[in-house]
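# Analysis of the macromolecular model
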Amino acid sequence: MRLLKLVPDNTNLKFVSLRKWAFGLTLILSLLAVGLVAFRGLNMGVDFVGGVLIEQNFATPPSIEAVRTEVDRLGVGEASIQSFSDPKTLSIRLPLPDSGDEGATNRLVKKVSDDIGAKFPGSTFSKYDTISGKVSDELITKGLLAVGLAILGIALFAVVRFEWQFGVSTIVAIVHDLLMTLGFFALMRNDFEVDLNIVAAVLTIISYSINDKIVIDDRIRENMRRYRKMDMREIIDLSVNETLPRTVMTSVTILLALVAMLVLGGHVLRGFTAAMILGIVVGTYSSIYVSSSLLITLGLRADPAPRKGGVQDGAERVGPKVER
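Heads up: these notes are all about the structure in this document. (Residues numbered from 1 in each chain as written. Predicted model: local features only at pLDDT ≥ 70, side-chain atom pairs only at ≥ 80, totals over all residues. Heavy atoms only, no water.)

## Focus on the overall build of the protein
What counts is decided by this rule: Every helix listed is a DSSP run of H or I at least four residues long, and every strand listed is a run of E at least two residues long, numbered separately from the N terminus. Burial classification: accessible surface area is computed with a 1.4 Å probe over protein chains only, and a residue below 20% of its type maximum counts as buried, one above 50% as exposed, and the rest as partly exposed. Residue contacts are counted whenever heavy atoms from the two residues lie within 4.5 Å of one another. Computed by Shrake-Rupley with a 1.4 Å probe, the accessible areas treat only the displayed protein chains as cover when residues are assessed.
Broken down by element type, the protein carries nine helices and four strands. Each helix and strand of the protein, placed in order from N terminus to C terminus, yields the pattern α-α-β-α-β-β-α-β-α-α-α-α-α. The buried share of the protein, reckoned over its 324 residues, is 41%. A fraction of 78% describes how many contacts in the protein between residues 6 or more apart in sequence connect residues 24 or more apart. Put simply, the protein shows about 17,700 Å² of open surface, and 62% of that area lies on carbon and sulfur atoms.

Here it is, written out as structure tokens:
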């Protein structure tokens, strides 16, 4: 039985020759992502902004304005109402009651859900989440700290394990992946909320991206020692092509599982799964076209051959002569 090969043997793609185009595309997409986050903003979930989030299911898709008018009539505070993938499901975000105790929150939820149920026959209360402003601030701080420490730790590992150029290229690739993810959620803010599930997805994306990058970097370092006279561009192309079957197979198998989760996982997992799918795609792209090619720009060179027995620096190391 023949093994499935998504990448043919002896593949010799010239990735480095496209590095200027890749750098240009990466810069444009990164600036667009920053612009989207700055001007459009993120739809922060109740985990980060605090308040009460009520999820209501309707028999037929309602008008958001009609639901907003009905909620405003109750005098429970300014409501933020959104529809996600299922138009029959609406999320109603409200400020916490003044007292802030659980009993007052339960009464608020019951008041809103009962009124909407009476106004829109066939609608049913699904669930609600609540979190205080103090806790949400703490979650934001710890979430940012977790992402920052992850990036710093990975960069330090790359510097210690390889050379400083690998550490810099690692940071650039990870920041690129994060910007693409944030830009996507800013662009799709009407469809996705940024909550703790997204933070978990971002940390998972970082771990996948660095895993893929370390494999390529390790092969680059091996080939730098093996082919001391080879040009650095050729070494990187060779290394990426040698690891390409593993990279593509890993990405495809993970994507198959994520697509199944996106289709069958329900509303709760949609944001996490969408972030993961995007992260796998951009993480693979950054590992191949961004971080690897950036090593040339940073001045990485193959190690010179050691001086031994009169051999000049830069000579290629060969094995012993075999008598025939």
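From this point on, the discussion continues.
## Let's talk about the packing of helix α6 (residues 164–187) against helix α7 (residues 196–226)
Threshold: Angles shown run from 0 to 180 degrees and are taken between the N-to-C directions of axes, each axis being a line fitted to C-alpha atoms and, for helices, limited to the stretch in contact. Each helix crossing is assigned a hand: it is left-handed if the near helix lies turned anticlockwise from the far helix by less than a right angle, otherwise right-handed if that turn is clockwise. Here the nonpolar group is Ala, Val, Leu, Ile, Met, Phe, Trp, Tyr, Cys and Pro; Asp, Glu, Lys and Arg are the charged ones; every other residue, Gly included, is treated as polar.
One way to put it is that α6 packs onto α7 with a least axis distance of 10 Å and a crossing angle of 145°. The interaxial crossing formed by α6 with α7 has right-handed handedness. Contacts between α6 and α7 involve Phe166, Ser169, Thr170, Ile174, Asp177, Leu178, Thr181 and Phe185 from the former and Ile198, Val202, Ile205, Ile206, Ser209, Ile210, Lys213, Asp217 and Ile220 from the latter. Among the residues making up the contact of α6 with α7, the classes are represented as 10 nonpolar, four polar and three charged.

## A short note on helix α8 (residues 232–264)
Our working definition: To estimate the expected span of a helix, subtract one from its residue number and multiply by 1.5 Å. Contacts described as polar in this section are N or O atom pairs within 3.5 Å, which, within protein, must combine one atom able to donate a hydrogen with one able to accept it, while residues neighboring in sequence count only if both atoms come from side chains.
The end-to-end C-alpha separation of α8 is 46 Å, in line with the 48 Å expected for 33 residues at 1.5 Å each. Along α8, the positions that sit buried rather than exposed are Met232, Ile235, Ile236, Asp237, Ser239, Val240, Asn241, Thr243, Leu244, Thr247, Ser251 and Leu258. Its buried side turned inward, α8 meets α7 and α9 (270–297). Its side-chain oxygen 3.0 Å from the backbone nitrogen of Arg233, Asp231 forms the N-cap of α8.

## Section: the nonpolar core
Quick note on the threshold: Among buried residues, the Ala, Val, Leu, Ile, Met, Phe, Trp, Tyr and Cys ones that are joined through side-chain atoms within 4.5 Å form a nonpolar core.
Core analysis: the biggest nonpolar cluster contains 41 residues, and Leu178, Ile206, Ile220, Met232 and Ile236 have the highest contact counts within it. The set of elements that each furnish at least two residues to this core consists of α5 (133–161), α6, α7, α8 and α9. Considering every element that reaches this core, the biggest residue donor is α7, with 12 residues. Not counting the four nearest positions on each side in its chain, Ile236 is found in contact with Val16, Ile220, Ser292, Leu295 and Ile296. Counting residues in hydrophobic clusters, the runner-up holds 17 residues, among them Val71, Val76, Ile81 and Ile116.

## Overview of a nonpolar patch on the surface
Selection criterion: Two joining distances apply to patches: 9 Å for like charges and 5 Å for nonpolar side chains (Val, Leu, Ile, Met, Phe, Trp, Tyr), and every residue must have over 30% relative accessible area and no salt bridge. Each salt bridge in this description consists of a side-chain nitrogen of Lys or Arg and a carboxyl oxygen of Asp or Glu lying within 4 Å of one another.
Together, Val159, Val160, Trp164, Val168 and Val172 make up an exposed nonpolar region whose accessible area comes to about 440 Å². For the nonpolar patch, the secondary-structure elements that each account for two or more residues are α5 and α6. Tallying contributions element by element places α6 first for the nonpolar patch, with three residues. As for its position among the elements, Val172 is in helix α6. Taking relative accessible area as the criterion, Val172 reaches 35% and is therefore assigned partly exposed.

## A few points about helix α1 (residues 19–40)
Rules: Throughout, the arc means the angular range of directions from the helix axis out to the C-beta atoms.
Taking 1.5 Å per residue as the helical rise, α1 with its 22 residues ought to reach 32 Å, and the 30 Å between its terminal C-alpha atoms agrees with that figure. Every buried residue belonging to α1 is among Arg19, Ala22, Thr26, Ser30 and Ala33, and all of these are buried. Buried positions in α1, seen along its axis, are confined to an arc of 65° and lie on one side of it. Pointing more than 90 degrees away from the buried face of α1 are the exposed residues Lys20, Trp21, Leu27, Ile28, Leu31, Leu32, Ala38 and Phe39. For α1, the secondary structure elements touched by its buried residues are α6, α8 and α9.

## A few points about the packing of aromatic side chains
Spelled out, the test is: Pairing of aromatic rings covers Phe, Tyr and Trp, the last through its six-membered ring, and needs centres within 6.5 Å; plane angles under 30 degrees mean stacked, over 60 mean edge-to-face, and all others mean tilted.
Under the criterion given, the structure shown has two aromatic pairs. Residues Phe184 and Phe185 carry aromatic rings whose centres are separated by 5.3 Å and whose planes lie at 80° to one another, so their mutual orientation is edge-to-face.

## A few points about the pairing of strand β1 (residues 51–57)
Rule in force here: DSSP bridges decide pairing: two strands pair if at least two such bridges lie between them.
Counted residue by residue, β1 has six buried out of seven residues, so it is predominantly covered. As defined by bridge partners, β1 adjoins strand β3 (residues 89–94) across six bridges and the pair is classed as antiparallel. Following the sheet pairing, Gln56 is matched in β3 by Leu90.

## Side note on the environment of Leu90
Mapped onto the elements of the fold, Leu90 is located in strand β3. Its relative accessible area of 1% is what places Leu90 among the buried residues. In this structure Leu90 touches Ile54, Glu55, Gln56, Phe58, Pro62, Ile64, Val67, Ile81, Gln82 and Ser83, once residues within four positions along its chain are discounted.

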